[in-house]
Amino acid sequence: MKAYFTRAYTISASHRLHTDSLSADENRTTFGKCNNPHGHGHNYRIEVTVGGQIDPATGMVINMATLDAVVHQQVVARFDHMNLNLDPLFANQVSTTENLSIAIFNLLQPALEPAILEKVRIEETENNFFEYSGAEH
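Residues numbered from 1 in each chain as written. Predicted model: local features only at pLDDT ≥ 70, side-chain atom pairs only at ≥ 80, totals over all residues. Heavy atoms only, no water.

(A) Up close: the sheet that holds strand β5 (residues 129-132). The strand order across the open sheet formed by five strands is β3-β1-β2-β4-β5, and the pairing between neighbours is mixed. The open sheet has two free edges, formed respectively by β3 (82-83) and β5, since each of these has just one partner strand. Judged from the two bridges that link them, strand β1 (residues 2-15) and β3 form a sheet pairing that is parallel. Bridge pairing in β3 links A13 to M82. The sheet strands contacting helix α2 (residues 64-79) are β1, β2 (40-53) and β3, and the helix crosses β1 at an angle near 20°. On top of the sheet, helix α3 (residues 97-112) reaches β2, β4 (116-123) and β5; it is set at about 150° to β4, its chief contact. (Pairing = 2+ DSSP bridges. Helix = DSSP H or I, 4+ residues; strand = E, 2+ residues; numbered from the N terminus. Contact = heavy atoms within 4.5 Å. Axes fitted to C-alpha atoms, helices over the stretch in contact; angles between N-to-C directions.)

Structure, rendered in structure tokens:
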């Protein structure tokens, strides 16, 4: 029987949506106020969903302390109170929340094995949500 466990985490980070492949006018048109040269910030709510068999001894899909430790090490310590544009993961791509979702998924997936990372969902604002479930989905 496969079950799922989702846990939420919060980070605060800043970024500027900008790409050198567009002109200054194209960047302003494409990204609007998010292209502000000084950047802007979000209080991101990150949900991590893990799936797998329920361990008969513990009754859990994954130990919550293990999940917390991995997320803290791979995500919170790296991105909380940081400018995303300065992280090497965004050296060659725009620091959109879509790309942040993929980056977080790729950081967590190998660290959580043998549990299966099902998806990463990020709430950027009360109106904007982003989800990534891996390349094979």
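(B) Broad picture of unusual backbone geometry. Residue P114 follows E113 across a cis peptide bond; omega there is 15°. Within the element layout of this structure, P114 appears in the loop between α3 and β4. If you check the backbone angles, H81 has positive phi at about 60° while not being a glycine. For H81, a relative accessible area of 62% corresponds to the exposed category. (Buried < 20%, exposed > 50% of the residue type's maximum accessible area, 1.4 Å probe, protein only.)

(C) Seen up close, the nonpolar core. By size, the foremost hydrophobic cluster in this structure holds 30 residues, and its most contacted members are I46, V48, F79, I104 and L108. Those elements that provide at least two residues to this core are β1, β2, α2, α3 and β4. Per element, the largest residue contribution to this core is seven residues, and it comes from α3. Discounting chain neighbours no more than four positions away, the residues touching L108 are V48, V70, V71, Q74, V75, L117 and V120. (Core = buried A, V, L, I, M, F, W, Y, C linked by side-chain atoms within 4.5 Å.)

(D) Seen up close, the pairing of β2. In terms of burial, β2 is largely enclosed, as ten of its 14 residues are buried. Here 14 bridges tie β1 to β2, and the two strands are oriented antiparallel to one another. The residue bridging T10 from the neighbouring strand is R45, located in β2. Sheet topology places β2 next to β4; seven bridges connect them, and they run antiparallel. The residue of β4 that forms the bridge with E47 is R121.

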